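Structural overview
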Amino acid sequence: MRLPTLRFLTCGSVDDGKSTLIGRLLCESSLILDDQLASLERDSRKFGTTGADIDFALLVDGLEAEREQGITIDVAYRYFSTPNRAFIVADCPGHEQYTRNMATGASNCDLAILLVDARKGLLVQTHRHANIVSLLGVRHVVLAVNKMDLVDYDQRVFARIVAEFQAASATLKFKTVTPIPLSARRGDNVSSPSANMAWHKGADLLSFLETADVEDAKAERAFRFPVQWVNRPDLDFRGMAGTLASGRIARGDEIVVAASGKKTRVARIVTMDGDLDHAEAPESVTLVFADEIDASRGDLLCDPLNRPEVADQFAAHLIWMSEEQLYPGRSYLLKCGGNVAPASVTEIKHRLDVETQAHNDAKTLHLNEIGLCNLALSRPIAFDAYADNRVTGAFILIDRATNGVAAAGVIDFALRRASNVHRQPLTLDKAKRSILKHQKPVILWFTGLSGAGKSTIANVVEARLLQRRAHTILLDGDNVRQGLNKDLGFTEVDRVENIRRIGEVAKLMLEAGLVALCPLISPFAAERRMVRGLVESGEFIEIFVDTPLEICIARDPKGLYKKALAGQIKNFTGVDKAYERPEAPDITIGADCPDPERAADRIIAYLDARGYFAVD
Amino acid sequence: MTKAARLPRVKRRLALDDGITDIPPTMAPATPYYLDTLHEISQGFAGHQDISMALSEQLRRLEAESIFILRETVAEFHNPVMLYSIGKDSSVMLHLALKAFYPAKPPFPLLHIDTTWKFREMIAFRDQTAARVGMDLLIHVNGQGIARGVSPVASGSSVHTQVMKTEGLRQALDQGKFDAAFGGARRDEEKSRAKERIFSHRNAAHGWDPKNQRPELWRVFDTRIQPGESMRVFPLSDWTEMDVWDYIAAEKIPVVPLYFAKSRPVVRRDGALIMVDDDRLPLQPGETPEQRKVRFRTLGCYPLTGAIESDAATLEDIIVEMRASKNSERQGRLIDFDESGSMEKKKREGYF
C-alpha cells in the first residue's frame, strides 16, 4: 500500500546546501519541467553561484531578495512525488536571523533532514535547529552529512560527525536518527547509492524517505474536537463545525465540553456528502448535539473518560520570535485553537543553551531564544500537553501593539498551585466604601519624561483634593523604589515589573476607596494599557504631562539628564531609551498649562465634570 | 463600429456601493455574447464520465485542511469575500466552501474581477455557477481602465494586468471593505507563491512584504489586523495541479469546457497558440485563424492565454496527459514571462 504523504523539512546552518539538495531531489525525481529548467538556466547565468553548472538553489529561493543575496530568507514549500509516495517539503532558512521562519516550516512536519557541511561539522545553528525540531515534536531526523565530495568521501569524517551528533542529541526527543553521507551538488546518495561511498551500508536519501514510517496514530488518541464555528443557518439546525484534532467519534457517543463540564451525546455527524456514522482525525465535520447544551468557538469537546486540562496557568516552552524582547508581566494575547485570551509570563524558569543543553537563569528572552516559562491567562482554557497532542497543546503569543507573533509555545503541564488559592469573598466592597467616602475611587496616572513635572503637579492636585476632604494616596515612583521595588533596576524588564507592581498596589488602594495618584515615567504604552485593564472603565485616568525634552533637560531638577548625557546613567528615558507617547490620553498637560496650578485646575475640572466627588 | 462599442456587456449581479461595476451604456452591445456556449455547458459538463472514485487519503487530508482554513477565516473576520476567477482552482475552492459551511450557504459573496477579455465560455460558466450555488456574485470592472482604453491588445500584457486585474482588485476590495479575501493560488504554481503564508498579511495599500512575513506555526493563524489592512487567504496552498484534477474527477466538480480538447480557431503567435475568441483580436499580416484540436491548462484573458494541442477530451485523458507532461501549467501564461520575479513584483503591488 502507498504510504501517506510525507511532510518533511530541510534545515541546518546557512550554506550547508539545503536548497541545493531540494533542487537535486526535484530534478532527479524528474519533477523539473522543461519550461522551469529553461528559466532555471537563465537564472543560473544571472544569479548563480555554481559557475557554468545549474544552480539548483535558485529553484527554491523564490524571492528577489533571496536570489540577489544568494540566501534563503523564508521557508519555501515544494511538492513532488515518486511512484511510491508523495512529499511536501519545507525548505527552511539557515540564518539565525530567520529562525522563526524555520520554526514555521518545522511545525507541520513529521520528519527533518538536518544538513551538516562535512568540512565544518556541527555548528551552533545545527544545534539550534535540532532543538527546535525536537521541541516542535518532530520525532524522526535524517542527519545528512553533505559535501562529502569535498572531504574525499572520507568515512572517518562522517563517523566523527555522527558520533558528535549522537552525543549532543541524547537529551532530545527523537525516535529515530538516520545518518546518510551525501553530496547534493554531485548527486551522491541522493536518489541512488553512491559508488564513491560504497562503505555506506544504509539506503540513499530518497529510498529512505519513500519508506520512512512516521505515523503518530492520531486517530488512536483521545477524542478532541475544538469547536471552530457554530453553524446556525436557521432555527432548526445548530451544528458545531470543526476538525478532529485526535481520536474518533461515532454517532451516539457521549461527549463533554471541557471547560463547562456539560455533557451530551452526538446526534448527527453532518457533511455535505451525507451524515456519517463515525469520523476520525483529521477529518473536518459538523457535530449536532442531542441536547441544547452551550458550546461555542474556543470550546474543546472531548471524551468524558479522558479529559484535557482546564486551567488558567501552565508551564510552556516558548520560542521567542519578536525583535522586541519578552517582558514578564506584560499582557500578550494567547491564541490556542479558537481561544484568544490575554496572558502574561509570570516566571522564566530557565533559558536553554542550545549548544550545551544547559539551563541558564534569565530575566527575559530575546529573538530566537528558547525558554521554559510559567504563563498566567485571564481565564481558564482547555488544553493538553504538547507531547500528547500537537493541536491542543500548541499556542502563539501575539503582541498587542503590532499584532505580530511574539512567540510560539508548546505546553508542558498545567500549574496546580493556583487551585489552592481561592478568592475570599469580601463583605465590604468598593461601592460601599465609595458611598462612605463620598467619592468614586480612581487612579490618576501621570506619565511623561523625567523632569516633566509629574510629581509636582500630582502634589498640587493632592493638596487641592485634601482641602475638599477627599481621601487620597500618592504612589511616587522614586519612593516606591525605596521599599516595595528596591530589588528592581532600570532595564526594560525591570521597568515593566515596576509598573506592574505599582499598578497592582494602585488597584488595592482603589479597593480601599481612595483616589490614587501615580506619577511615573511609565515609558511603555503596553504597561499603561495593562494597568488600565486591571480596573473598570472610568477608574483609570491617563494624564500625559507633555513637556518637551529640551525643557526637561533645561530644568533637570535632579541633575539626571546631565549624567545621562555624559553616559554615566544607562537606559535613561529620552536619552538612550525611547518614551512611547500616549496615543489617546484622557488629559494632556501641554504648553497651554504653563504652571502646576493651571494643570491642577484642568485635572480637578475633569473630575468634577464627571461626578467623581458627587457621591452620596 | 467604434472600438469601444465592441466591448462585451458585463452583467451586473450586485453592485458594489458606488456602482462602478456599471459599464457606460454606449459600450454595451444589445445582446449578450455568450448564448451559443450555454448549451454546451449545460450538457452535463462533457468531460465527466464515470471515473469518479472514493477520495484517496491524500485528498481527504487536503480537503479537511482546506475546510479548516475556510471556517477559520469566517470565524475570525468580519467581512470575507471569495475571489472567483472561474478556473479549475476556483471551482475546487468554491466546492470546498460549499462543504465547509453545509448545510448553511457559505457566508460570503463571490467576487470576479472582470477584465472584459475573458473567454466567452468562462463568463457563461461563471454566471451559471453563481446561479447553481445560489451565492451572491459581485462583478467588478475597472471602469477607469476601460475609459483609458486599456486592453491586452492595445496596452500589452503587463499594463493590462496591472490596471484591469491588480488595480481592479484593489478597487473592489476597498469598496466592499473586505477584511479577508480567499484566493485559489497554490504553492506549487510559482516560486514566490511557494513562499507565501496561508494567511498572508496585506497593508492598507494591499501590498505584500515578502521579507517580513508573520510566523505561521501549525494551523494557529495570527489573524489580527489594523483597520484598513487585510488578509489574503489561500485554502489551496498545499494542493498540487495533479491533486486539483484528481479531486475534480473524484467529486464530479463542473469546470469550464475550455479545459477539454476540441477543434477551435487559433493563430500561432510568438510560439503560443492564441484562440480567436471574438473579433476584437486584430490579426497580424499573414495570420489566418485555423482550426486545431486544442485545450487550455490554465485560463485567463484570451489574448494572453496559450492553448496546447491535445486530444484530451475527458478528465481521464487530462490526468493521463498531465502525468506525461514536461511543462508546467504557467507555461501558457504569457504574463509571467515578462521577467523572472515578475509574480513577486505583481503580488507586492496587490495582485493575487
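Conventions adopted
Residues numbered from 1 in each chain as written. Chains lettered and ligands numbered in written order. Predicted model: local features only at pLDDT ≥ 70, side-chain atom pairs only at ≥ 80, totals over all residues. Heavy atoms only, no water. Pairing = 2+ DSSP bridges. Helix = DSSP H or I, 4+ residues; strand = E, 2+ residues; numbered from the N terminus. Phe/Tyr/Trp six-rings, centres within 6.5 Å; stacked < 30°, edge-to-face > 60°. Buried < 20%, exposed > 50% of the residue type's maximum accessible area, 1.4 Å probe, protein only. Lys NZ or Arg CZ within 6 Å of the ring centre and 35° of its normal. Right-handed = clockwise from strand over helix to strand, strands pointing away. UniProt positions renumbered as here; feature names shortened; annotations may be inferred. Contact = heavy atoms within 4.5 Å. Patch = residues over 30% accessible without salt bridge, like charges linked within 9 Å, V, L, I, M, F, W, Y side chains within 5 Å. Areas by Shrake-Rupley, 256 points an atom, 1.4 Å probe, with all protein chains shown as cover. Salt bridge = Lys/Arg side-chain N within 4 Å of Asp/Glu carboxyl O. Axes fitted to C-alpha atoms, helices over the stretch in contact; angles between N-to-C directions.

Details of the pairing of strand β10 (residues 306-309) of chain B
Looking at chain direction, strand β8 (residues 272-275) of chain B and β10(B) are connected through two bridges and run antiparallel. Looking across to β10(B), one finds that B:Leu273 is bridged to B:Ala307.

Notes on the packing of aromatic side chains
Tallied over the entire structure, the rule returns 23 aromatic pairs over all chains. An angle of 20° between the planes, with centres 4.8 Å apart, marks the rings of A:Phe80 and A:Phe87 as stacked. Assigned by exposure class, A:Phe80 and A:Phe87 land together as buried. Here B:Arg187 stacks its cationic end above the ring of A:Tyr77, 3.9 Å away from the centre of that ring. Here the basic side chain of B:Arg280 rests over the ring of B:Trp117, its NZ or CZ set 3.8 Å away from the ring centre.

Observations concerning the pairing of strand β6 (residues 176-181) of chain A
Residue and element names in this part refer to chain A. In the sheet, strand β5 (residues 140-146) pairs with β6 via six bridges, with the strands oriented parallel. Residue pairing across strands places Leu-143 opposite Pro-179, the latter belonging to β6. Considered for its hand, the β-α-β crossover made up of β5, helix α7 (residues 155-168) and β6 is right-handed.

A look at the UniProt feature "binding site: ATP" (unreviewed entry) in chain A
Residues and elements named next belong to chain A. This chain's UniProt record puts "binding site: ATP" (unreviewed entry) on Gly-448, Leu-449, Ser-450, Gly-451, Ala-452, Gly-453, Lys-454 and Ser-455. Position of Gly-448 relative to the elements: it lies in the loop between β23 (442-447) and α10 (454-467). Excluding anything up to four places from it in sequence, Gly-448 contacts Lys-454, Leu-520, Ile-521, Phe-544, Val-545 and Tyr-579. With respect to the helices and strands, the residue Gly-453 is situated in the loop between β23 and α10. When neighbours within four sequence positions are excluded, Gly-453 is seen to be in contact with Val-545 and Arg-555.

Describing a nonpolar patch on the surface
All names here are of chain A. Together, Ile-553, Leu-565 and Val-575 make up an exposed nonpolar region whose accessible area comes to about 220 Å². Looking at where Val-575 falls in the secondary structure, it is placed in the loop between α15 (560-565) and β27 (587-589). What makes Val-575 partly exposed here is its relative accessible area of 31%.

As for the sheet that holds strand β8 (residues 229-234) of chain A
What links the strands of a sheet is backbone hydrogen bonding, and the strands pair in either a parallel or an antiparallel sense. Residues and elements named next belong to chain A. Pairing is antiparallel across the open sheet formed by seven strands, whose spatial order is β7-β15-β11-β12-β14-β9-β8. Edge positions in the sheet fall to β7 (224-226) and β8, since each has one partner strand and no second. Adjacent strand axes in the sheet meet at a mean angle of 40° when their direction is disregarded. Bridging between β8 and strand β9 (residues 237-243) involves four bridges; their strand directions are antiparallel. If you follow Asp-234 over to β9, its bridge partner there is Phe-237.

A word on the sheet that holds strand β3 (residues 86-91) of chain A
Residue and element names in this part refer to chain A. Pairing in this open sheet of six strands is mixed, and the strands run β2-β3-β1-β4-β5-β6 from one edge to the other. Here the strands that pair on one side only, and so sit at the sheet edges, are β2 (76-81) and β6. In this sheet, adjacent strand axes meet at a mean angle of 25° when their direction is disregarded. Here strand β4 (residues 111-117) pairs with β5 via seven bridges, running parallel. Directly across from Leu-114, in β5, lies its bridge partner Leu-143. In the packing of helix α6 (residues 124-135) onto the sheet, the strands contacted are β1 (6-12), β4 and β5, and the crossing angle to β4 comes to about 175°.

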